[in-house]
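Results of the structural survey
Take a look at the letters that make up each chain.
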Amino acid sequence: MPERSETSRPVPFRGGGFHYVPRKAVPWIGFVLVLTLWQALCSFGVISPLFLPSPEAIGVALWRLSESGAIFSHLGWSLQRILAGWAIGTAAGLLVGLTMGIFSAARSLGLPFVSALFPIPKIALLPLLILWFGIGEPSKIAVIALGVFFPTVISAYTACDSVPRNLIRMGQSFGLSGQTIVSEILLPGAMPGILSGFRISASIALILVVAAEMIGAQHGIGAFILSAGNLMQTDQLLAGVVMLSILGLLISFILGRVETWVLRWR
Amino acid sequence: MEVRIEGVSHRYGGLQALDGISLTVREGETLALIGPSGCGKSTLLGIVGGLLQPSTGKVLLSGKPPADCLNPLTYVFQDFALLPWRTVAENIGLSLMPHGLPANKRQERIAAILVLTGLGEFAAAYPRQLSGGMRQRVGLARALVVRPAVLLLDEPLSALDAQTRELLMEEMLAIWAQQRSTRLYVTHNLDEALRLADRIAVLSRRPGRLREIVEIGVPLSERSKPDAAPALAALHARLWTLIRSEAAEADREVVNA
Ligand SMILES: Nc1ncnc2c1ncn2[C@@H]1O[C@H](COP(=O)(O)OP(=O)(O)O)[C@@H](O)[C@H]1O
Ligand SMILES: [Mg+2]
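Please read all numbers here as calculations on a predicted model, not as lab measurements.

Each value, and the rule that gives it
- Residues numbered from 1 in each chain as written.
- Chains lettered and ligands numbered in written order.
- Predicted model: local features only at pLDDT ≥ 70, side-chain atom pairs only at ≥ 80, totals over all residues.
- Heavy atoms only, no water.
- Helix = DSSP H or I, 4+ residues; strand = E, 2+ residues; numbered from the N terminus.
- Rg over C-alpha atoms; globule rule 2.2 N^0.38 Å.
- Buried < 20%, exposed > 50% of the residue type's maximum accessible area, 1.4 Å probe, protein only.
- Contact = heavy atoms within 4.5 Å.
- Buried area = accessible area lost by both parts, 1.4 Å probe.
- Salt bridge = Lys/Arg side-chain N within 4 Å of Asp/Glu carboxyl O.
- Polar contact = N/O pair within 3.5 Å; in protein donor to acceptor, adjacent residues only side chain to side chain.
- Nonpolar A, V, L, I, M, F, W, Y, C, P; charged D, E, K, R; others polar.
- Expected span 1.5 Å × (residues − 1).
- Patch = residues over 30% accessible without salt bridge, like charges linked within 9 Å, V, L, I, M, F, W, Y side chains within 5 Å.
- Areas by Shrake-Rupley, 256 points an atom, 1.4 Å probe, with all protein chains shown as cover.
- Pairing = 2+ DSSP bridges.
- Near = heavy atom within 4 Å.
- Axes fitted to C-alpha atoms, helices over the stretch in contact; angles between N-to-C directions.
- pLDDT = per-residue confidence, 0-100.

1. Thoughts on the overall build of chain B
Scanning chain B for helices and strands turns up 7 helices and 9 strands. Relative to the globule expectation of 18 Å for 257 residues, the C-alpha radius of gyration of chain B, 18 Å, shows essentially globular dimensions. Once the C-alpha set of chain B is aligned to its principal axes, its extents read approximately 50 × 45 × 35 Å. Burial analysis of chain B (257 residues in total) assigns 50% to the buried set. Across chain B, every contact between residues at least 6 apart in sequence was considered, and the portion connecting residues at least 24 apart equals 70%.

2. Topic: the interface of chain A and chain B
In this assembly, 17 residues from chain A lie in contact with 20 residues from chain B. Summed over both sides, the interface between chain A and chain B buries roughly 1700 Å², with carbon and sulfur atoms accounting for 70% of that surface. Contact with chain B buries surface across chain A, with Phe 174, Glu 184 and Trp 265 of chain A losing the most and accounting together for 41% of the total. Here chain A is connected to chain B by 1 salt bridge. Of the charged contacts, one joins Glu 184 of chain A and Arg 86 of chain B as a salt bridge, the two residues approaching to 3.1 Å between their closest N and O atoms. The interface formed by chain A and chain B holds 6 residue pairs in polar contact (both at pLDDT 80 or more) in total. Mapped onto the side of chain A that touches chain B, the elements with two or more residues apiece are α8 (165–173) and α9 (178–216) of chain A. With 6 residues, the top contributor of residues to the side of chain A that touches chain B is α8 of chain A. Class assignment of the residues belonging to the side of chain A that touches chain B gives a composition of 7 nonpolar, 6 polar and 4 charged.

3. Digging into helix α4 (residues 132–144) of chain B
Residues and elements named next belong to chain B. The terminal C-alpha atoms of α4, which comprises 13 residues, lie 18 Å apart, in line with the 18 Å expected from a rise of 1.5 Å per residue. With 11 of its 13 residues buried, α4 lies for the most part within the structure. Residues of α4 that are buried: Gly 133, Met 134, Gln 136, Arg 137, Val 138, Gly 139, Leu 140, Ala 141, Arg 142, Ala 143 and Leu 144.

4. Some details on a nonpolar patch on the surface
A cluster of nonpolar side chains, Trp 28, Phe 31, Val 32 and Leu 35 of chain A, forms an exposed patch at the surface whose accessible area comes to about 440 Å². With respect to the secondary-structure elements, Trp 28 of chain A resides in helix α2 (residues 26–43).

5. Considerations on the pairing of strand β9 (residues 210–215) of chain B
In the case of a regular strand, side chains alternate between the two sheet surfaces. Residue and element names in this part refer to chain B. Where strand β8 (residues 199–203) lies against β9, 5 bridges are found, and the strand directions are antiparallel. In the sheet register, Val 202 faces β9, and the bridge partner there is Glu 212. Here β8 folds back onto β9, and the loop between the two strands holds 6 residues.

6. Points about the site of ligand 1
Residue and element names in this part refer to chain B. Surrounding ligand 1, one finds Tyr 12, Leu 15, Ala 17, Ser 37, Gly 38, Cys 39, Gly 40, Lys 41, Ser 42, Thr 43 and Arg 206. A distance of 3.1 Å is found between an oxygen atom of ligand 1 and a backbone nitrogen or oxygen belonging to Gly 40. Contacts to ligand 1 include Arg 206, whose side-chain N or O atom sits 2.9 Å from an oxygen atom. Protein contacts shield 60% of the accessible area of ligand 1, which totals 570 Å² for the unbound molecule.

7. Regarding the side chain of Ser 139 of chain A
All names here are of chain A. Note on placement: Ser 139 falls in helix α7 (residues 137–161). One polar contact links the side chain of Ser 139 to the main-chain carbonyl oxygen of Gly 134, over a distance of 3.1 Å. A polar side-chain atom of Ser 139 sits 3.2 Å from the main-chain carbonyl oxygen of Gly 136. For Ser 139, the residues in contact, after removing those within four places along its chain, are Leu 126, Leu 129, Ile 130, Phe 133 and Gly 134.

8. Observations concerning the sheet that holds strand β1 (residues 3–12) of chain B
All names here are of chain B. Pairing within the open sheet is antiparallel, and its 3 strands lie in the order β2-β1-β4. One side of each edge strand has no neighbouring strand; the edge strands of this open sheet are β2 (15–25) and β4 (56–61). Averaged over neighbouring strand pairs, the angle between their axes works out to 20° when direction is ignored. As judged from the 7 bridges shared by β1 and β2, these two strands associate in the antiparallel manner. Pairing of Val 8 across the sheet is with Ile 21, part of β2. Where helix α1 (residues 41–48) meets the sheet, it contacts β1, β2 and β4, and its direction lies at approximately 120° from that of β1.

9. With respect to the pattern of salt bridges
Note that side chains of opposite charge can pair when their charged atoms are close. Residues and elements named next belong to chain B. Counting across every chain of the model gives 17 salt bridges over all chains. Put simply, Glu 212 and Arg 238 hold a salt bridge, and the shortest N to O gap is 2.9 Å. Of the two residues, Glu 212 sits in strand β9 while Arg 238 sits in helix α7 (residues 229–252), which places them 26 residues apart along the sequence. When its relative accessible area of 26% is taken as the criterion, Glu 212 is described as partly exposed. Relative accessible area serves as the criterion here: at 43%, Arg 238 is assigned to the partly exposed category.

10. What about the environment of Leu 60 of chain B?
Residues and elements named next belong to chain B. On the secondary structure map, Leu 60 appears in strand β4. What makes Leu 60 buried here is its relative accessible area of 9%. Along the sequence, Leu 60 and Ile 5 sit 55 residues apart, while their C-alpha atoms lie 6.5 Å from each other. The contact partners of Leu 60, leaving out residues within four places of it in the chain, are Glu 2, Val 3, Arg 4, Glu 6 and Pro 65.

11. Quick word on the confidence of the model for chain B
All names here are of chain B. Averaged over all residues, the pLDDT of chain B is 88; the fraction at 70 or higher stands at 96%. When mean pLDDT is taken per element in chain B, helix α2 (residues 88–94) scores highest with 95 and α7 scores lowest with 84. Prediction confidence for the complex, expressed as pTM and ipTM, is 0.87 and 0.88 respectively.

Written out as structure tokens, the structure reads:
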């Protein structure tokens, strides 16, 4: 009976596939492969070290810079500016954004200003801020604070909007005061949105600190990278870039920790 | 506490949601409010609970306007409306906040209601850790902890599966036998109404009008007994013919919202 044998062939399972399944080893293999290729191209003189230094040369430069402590001093300057600017911008942004989230009148008043000022690349205001505050720290901190302020405002009031209305109606139906509804329902409910706004504003602060330091500073990672470029020390330059990447990873790691702690009810 | 609804109509802009509803919920009874979805049941409950101002008509509690009484109404919601960032005990305590009780009194009240609703071991759990049935028990406990004179229930079992619904119905009947209150129970489920209510008010589709009020002659404690089955089946058939055409038409309505 040939027909029967045809129908009884094994049927493969059809359910799998098209899901992202992380492969543990693959990222490492890829990373090592790229570094090796890069190193090989530099070692065999295919790429001039002035154009792109080898990973080894960047590693050595990083080592020297951390031995002398120079890179940490620059890092310290940048970190200070980021912290001050981000803190001021975030505090002001949350104040304004939450007010706009709670009161309709404040939203109507603030929305046109926010919409008009948000799209301006804040670094364009640095020359003006330098005229106002001088070339020192305050103008750099101010440009970071401004850059952080607007996205924080927007994320704060949209976070208020995203609080489920049924929870607010629940609060009202039980006769809770407006104050209690804000502190017990609105603010905790807005927390996820506010915290994801922090990620955006922190990355903006990092961009702005480098830009501001490249325009007028002796210290800081941005200033260091710029002067290394002027001296054609590309290994030093890239060592600075590596530090920025580490700094960015560190910030997002810390914010991730804060998030899992604050939102531990999820 | 008696709830008297007198000629209540409500409009949302151009949309007439309720049209001249007059009915009385008697002291200590459960009145089921049944009608097709969108007929204005939640709106009516919102008006009784003082969340919405009716376009015309009024609501009287024991013959007085609601403002004269101290927060005598509490709600149970279809979607539970629990705060995910608060534990079960804290969620229940929320409705006590405006009452300004001293802390130890509050804890006592919460502990007692946890036992009554079978939530004793879940006091410290977060809502996400609970099943739907347990979440609605929390919703019920939160409403009961203030010892309301009137309990407003807005399709409290509609988000639950059939078995959980059955369990909760048994439990609500047990609780109501213990706690005196007047209940307005909104549902679109005829079986629920026939199990839990003393009387059933049938609303038409939008704009919601009162079609009929039916008294269920069988006492609550005897509803699940075989003897009561024929009477309940006859009532079910009668109410279903009343609701059927409305439900069918509501179902065919094109939503312009
Ligand atoms: N806030 C609102 N604004 C405008 N229309 C509403 C609002 N709330 C409810 N409605 C409309 O009023 C009608 C009755 O709603 P609702 O009382 O929720 O009905 P039910 O609870 O019986 O399903 C529906 O058509 C609904 O779309
Ligand atoms: Mg409803």
